[in-house]
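# Secondary and tertiary structure notes
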Amino acid sequence: MTNNKTILAWIDEMKALVNPDQVVWIDGSEEQLEELRKEAVESGEMIKLNQEKLPGCYYHRTAPNDVARVEDRTLICSRKEEDAGPTNHWKEPQEAYKMLYDIARGSYKGRTMYVIPYSMGPVGSSLAKIGVELTDSIYVVLNMSIMTRVGQKVMDVLGDSNDWVRGLHCKCDVDPEKRWICQFPEDNTIISVNSAYGGNVLLGKKCFALRIASYQAKNEGWMAEHMLILGVENPKGEVKYVCAAFPSACGKTNLAMMIPPEGYRAKGYKVWTVGDDIAWMRKGPDGRLYAINPENGFFGVAPGTSEKTNPNALAATRKNTIFTNVVLKPDGTVWWEGLDKNPPTDALNWKGEPWDPASGVPGAHPNSRFTSPAVNCPCISSEFENPQGVPISAIIFGGRRAKTAPLVYQSFSWAHGVYVGSAMASETTAAAAGAVGVVRRDPMAMRPFFGYNVGDYFAHWLEMGKKLGDKAPKIFNVNWFRTDDEGHFIWPGFGDNMRVLMWILKRCKGEAEAVETAIGYEPKPEDIDITGLDGVTVDTIKGLLDVDKELWLEDVKGVEELYAQIGDHVPAELHAEAAALRERLSK
Ligand code: OXD
Ligand code: MN
């Protein structure tokens with residue numbers, strides 16, 4: 001498939017290490033993928049679902065001890081520990097290679113090595129990048145061929161270049177004690193052993209598109225971010241694009257695929273999805289910031305996805321989708337908590353055991369997933385394949401804060417916006433084990449994904465602002481999760497978040513006024529459109545925009561503690577932003 005010497009030499013080296021019975025190159029053809037699906041069904045690795053109801057869909061179960069990303073076993077192996085920074089686990093590269101090679105040695109014996117050439121981003125786009133993943137799992141091949149662009153066309157574009165990311169995945173015995181997900185940013189290399197769970201083994205996603213790419217982006221002057229990308233079309237047919245970063249469990253996929261309220265739809269407003277998880281952004285020829293979604297599919301959390309919460313995501317799962325760790329019904333269809341109110345009584349749970357919904361134990365794993373092609377999504381943007389990307393008007397940060405953050409505010413400047421992103425946080429919910437309401441700092445929603453020192457990452461953001469100047473997107477913060485004294489959410493969320501997006505876009509066009517507060521620019525309460533919203537008045541909005549200075553001073557303290565933990569690498573400009581905010585709040 002290629003004469004690229006750097007690829008052939010590396011594959012020879014890896015072959016000698018893992019010792020496969022045979023090597024199969026993934027060419028991207030439907031015939032080859034279909035053969036692999038058949039083989040996976042024969043071996044029991046996958047189950048073919050009801051082809052009338054779910055055409056092209058398959059089912060897979062992971063080992064029960066291998067169901068999520070493993071942050072404490074994810075390492076950034078930069079030469080200097082300081083370059084990994086305090087938010088990452090680190091190992092010296094030579095030691096890490098030795099440890100990983102000892103685990104990987106001979107582990108493909110009796111197995112096939114699949115070679116997956118893949119492109120993150122439209123093939124040939126100047127914003128795209130190429131990787132090669134070696135894996136001994138057909139499940140990985142089939143997921144990668146949904147989540148990325150794979151095959152011959154990728155090799156053709158790469159030619160003889162050495163600018164590609166090496167990725168070795170060895171399933172081994174899925175032993176959690178020997179599970180490691182290692183990134184070597186200085187070597188463009190990823191090695192993942194003893195897992196078969198998506199986030200750990202679909203190496204194009206978190207490992208490359210965020211950890212390795214964030215490091216490349218710093219060196220090459222662009223940005224790799226954990227952000228959705230969506231377009232809002234107005235009745236005149238003009239589309240404006242925004243990116244948004246949220247920590248997990250804040251409704252990122254739902255926002256990316258949002259359906260505007262009826263009143264907006266009637267007027268002709270539409271929302272288009274470019275991406276639901278990752279954005280790669282670069283300054284374009286006109287000086288604006290352009291974004292692509294490097295992925296080609298959605299690796300979404302199934303539980304909670306329904307006709308009501310996200311009909312577009314649900315529609316995307318109705319064909320050519322791989323379901324992992326959901327409930328398997330006897331008619332060869334699938335179910336998960338939150339899909340509807342009719343849990344099946346004669347189904348198998350995610351572990352393959354007969355499941356009684358009355359048991360109170362969930363049938364689908366809370367992190368069960370669907371892997372669906374992006375083209376399946378009814379609201380996929382017509383610009384999804386645009387190699388130039390889409391121009392970004394606004395960057396939105398958000399979190400889950402019961403009392404502190406208002407519904408929406410705009411930063412005073414790019415540098416202040418970088419402070420706002422660095423201060424991102426979410427309060428823990430009852431859905432996870434541990435104390436409720438504890439603030440977890442998650443700068444730019446990147447905490448598990450920085451490929452280098454978080455302080456240097458902040459500095460890179462400030463650099464990008466200087467490079468973009470007055471063409472930089474405006475930066476906003478939103479909070480859909482303010483609660484009343486009884487703990488009920490005040491803002492309806494979901495499609496009604498469109499009302500907040502409208503103010504944001506008007507601000508970007510200079511068409512909306514704002515009130516200057518200590519924390520940033522806020523809308524005038526009457527400027528958030530509440531037409532057709534039951535139970536929400538201008539006073540409700542006033543309450544949602546309220547800023548409690550005591551809580552905010554506490555929050556600045558939390559951010560300063562984070563900065564202290566990061567140490568010298570935090571840019572002075574961010575300390576100055578924190579100090580200025582403290583001063584404004586103390587007035
Ligand atoms: C994801 C994540 O799976 O952020 O997208 O964990
Ligand atoms: Mn994510």
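Predicted, not measured: the structure shown is a model, and the values here were computed from it. (Residues numbered from 1 in each chain as written. Chains lettered and ligands numbered in written order. Predicted model: local features only at pLDDT ≥ 70, side-chain atom pairs only at ≥ 80, totals over all residues. Heavy atoms only, no water.)

A word on the overall build of the protein chain. The helix and strand inventory of the protein chain stands at 17 helices and 31 strands. Expected size for 587 residues packed as a compact globule is a radius of gyration near 25 Å; at 24 Å, the protein chain falls within 12% of this value. The principal-axis extent of the C-alpha atoms belonging to the protein chain is close to 70 × 55 × 50 Å. Relative to its full complement of 587 residues, the protein chain shows a buried share of 59%. Per element, the accessible surface of the protein chain, about 22,800 Å² overall, is 50% carbon and sulfur. (Helix = DSSP H or I, 4+ residues; strand = E, 2+ residues; numbered from the N terminus. Rg over C-alpha atoms; globule rule 2.2 N^0.38 Å. Buried < 20%, exposed > 50% of the residue type's maximum accessible area, 1.4 Å probe, protein only. Areas by Shrake-Rupley, 256 points an atom, 1.4 Å probe, with all protein chains shown as cover.)

With that settled, consider the packing of aromatic side chains. Evaluated as defined, the whole model comprises 24 aromatic pairs. Ring centres of Trp 10 and Trp 164 lie 5.5 Å apart, and the angle between their planes is 65°; this geometry places the pair in the edge-to-face category. Within this pair, whereas Trp 10 is found in helix 1 (residues 5–18), its partner Trp 164 is found in strand 9 (residues 164–170), the two being separated by 154 residues in sequence. With respect to burial, Trp 10 and Trp 164 carry one shared label: buried. (Phe/Tyr/Trp six-rings, centres within 6.5 Å; stacked < 30°, edge-to-face > 60°.)

Moving on, we come to the nonpolar core. Counting 95 residues, the largest nonpolar core has Trp 280, Phe 397, Trp 414, Tyr 419 and Trp 461 as its most contacted members. With residues near it in sequence (within four places) discarded, Trp 461 still touches Met 223, Glu 225, Met 227, Ile 395, Phe 397, Trp 414, Val 418, Met 444 and Ile 475. Grouped together as the second largest cluster of nonpolar side chains are 64 residues, Tyr 59, Met 258, Cys 377 and Phe 384 included. (Core = buried A, V, L, I, M, F, W, Y, C linked by side-chain atoms within 4.5 Å. Contact = heavy atoms within 4.5 Å.)

What follows concerns the site of ligand 1. Lining the immediate environment of ligand 1, one finds Arg 69, Lys 206, His 226, Asp 277, Arg 369 and Phe 449. In the environment of ligand 1, an oxygen atom lies 3.3 Å from a nitrogen or oxygen atom belonging to the side chain of Asp 277. At 3.0 Å from an oxygen atom of ligand 1 is found a side-chain nitrogen or oxygen belonging to Arg 369. Its free accessible area being 210 Å², ligand 1 has 82% of it covered by the protein chains. Class assignment of the residues belonging to the shell around ligand 1 gives a composition of one nonpolar, one polar and four charged. (Near = heavy atom within 4 Å. Polar contact = N/O pair within 3.5 Å; in protein donor to acceptor, adjacent residues only side chain to side chain. Nonpolar A, V, L, I, M, F, W, Y, C, P; charged D, E, K, R; others polar.)

Note: most residues except glycine have negative phi, and most peptide bonds are trans. With phi around 50°, Val 174 is a residue other than glycine that occupies positive phi space. With respect to the element layout, Val 174 can be found in the loop between strand 9 and strand 10 (180–184). Despite not being glycine, Asn 194 has its phi angle at roughly 70°, a positive value. With respect to the helices and strands, Asn 194 occurs in the loop between strand 11 (189–193) and helix 7 (198–201).

Reading across from one edge, 2-3-19-24-18 is the order of the five strands in this open sheet, with mixed pairing throughout. The open sheet has two free edges, formed respectively by strand 2 (47–48) and strand 18 (297–301), since each of these has just one partner strand. The pairing of strand 2 with strand 3 (residues 58–60) spans two bridges and is antiparallel. Along strand 3, the bridge assignment pairs Lys 48 with Tyr 58. (Pairing = 2+ DSSP bridges.)

For the rest of this paragraph, the subject is helix 5 (residues 138–147). With respect to burial, helix 5 is a largely interior element, ten of its ten residues being buried. All of the buried residues along helix 5 are Ile 138, Tyr 139, Val 140, Val 141, Leu 142, Asn 143, Met 144, Ser 145, Ile 146 and Met 147. Of the residues flanking the start of helix 5, the one acting as N-cap is Ser 137, its side-chain oxygen 3.2 Å from the backbone nitrogen of Tyr 139.

All right, on to the pairing of strand 11 then. Looking down a regular strand, the side chains alternate between one sheet face and the other. A large share of strand 11 lies buried, amounting to five of its five residues. Covered by surrounding structure in strand 11 are Thr 189, Ile 191 and Val 193 together with Ile 190 and Ser 192, the residues of both alternating faces. Where strand 9 lies against strand 11, five bridges are found, and the strand directions are parallel. Note that in strand 11 the partner of Gly 167 across the bridge is Ile 190. As paired elements, strand 10 and strand 11 share five bridges and run antiparallel to each other. From the neighbouring strand, Gln 183 faces strand 11, where its bridge partner is Ile 190. Between the end of strand 10 and the start of strand 11, which pair antiparallel, lie four residues, with Asn 188 showing a positive phi angle near 55°.

Summarising the element assignment, Thr 305 is placed in the loop between strand 18 and helix 11 (311–316). Accessibility expressed as a relative area gives 6% for Thr 305, which makes it buried. The contacts of Thr 305, once residues within four sequence positions are left out, are Asn 310, Ala 313, Leu 314, Trp 336, Gly 338, Leu 339 and Phe 370.

Time to look at the environment of Asp 555. With respect to the secondary-structure elements, Asp 555 resides in helix 16 (residues 549–566). Judged by its relative accessible area of 8%, Asp 555 falls in the buried class. Counting along the chain gives 116 residues from Asp 555 to Val 439, while the straight-line C-alpha distance between them is 9.5 Å. When residues no more than four places from it in sequence are discounted, the contact partners of Asp 555 are Arg 401, Thr 404 and Arg 441.

Here the focus is the side chain of Glu 45. Secondary-structure assignment places Glu 45 in the loop between helix 2 (30–43) and strand 2. With no salt bridge to any partner, buried Glu 45 finds its closest opposite charge in Lys 171, at an N-O distance of 4.7 Å. At a separation of 3.4 Å, a polar atom in the side chain of Glu 45 contacts the side chain of Ser 137. Beyond its immediate stretch of four places on either side in the chain, Glu 45 contacts Ala 40, Tyr 59, His 60, Ser 137, Ile 138 and Tyr 139. (Lys, Arg positive; Asp, Glu negative; His and termini not counted. Salt bridge = Lys/Arg side-chain N within 4 Å of Asp/Glu carboxyl O.)

Time to look at the pattern of salt bridges. Within the structure shown, the criterion is met by 29 salt bridges. One salt bridge in this structure joins Lys 542 and Asp 539, with 3.7 Å as the shortest N-O distance. Of this pair, Lys 542 and Asp 539 both sit in helix 15 (residues 538–544), three residues apart, roughly one helical turn. Asp 539 gets classed as exposed once you look at its relative accessible area, which sits at 54%. Connected via shared salt-bridge partners are Lys 205, Lys 206, Lys 252, Asp 277 and Glu 295.

With 15 residues, helix 13 (residues 454–468) extends 21 Å between its outermost C-alpha atoms, agreeing within 8% with the 21 Å of an ideal straight helix rising 1.5 Å per residue. At the N-terminal boundary of helix 13, the capping side chain belongs to Asn 453, with an oxygen 2.8 Å from the backbone nitrogen of Gly 455. Immediately downstream of helix 13, the backbone of Gly 469 shows phi near 55°, a positive value. (Expected span 1.5 Å × (residues − 1).)

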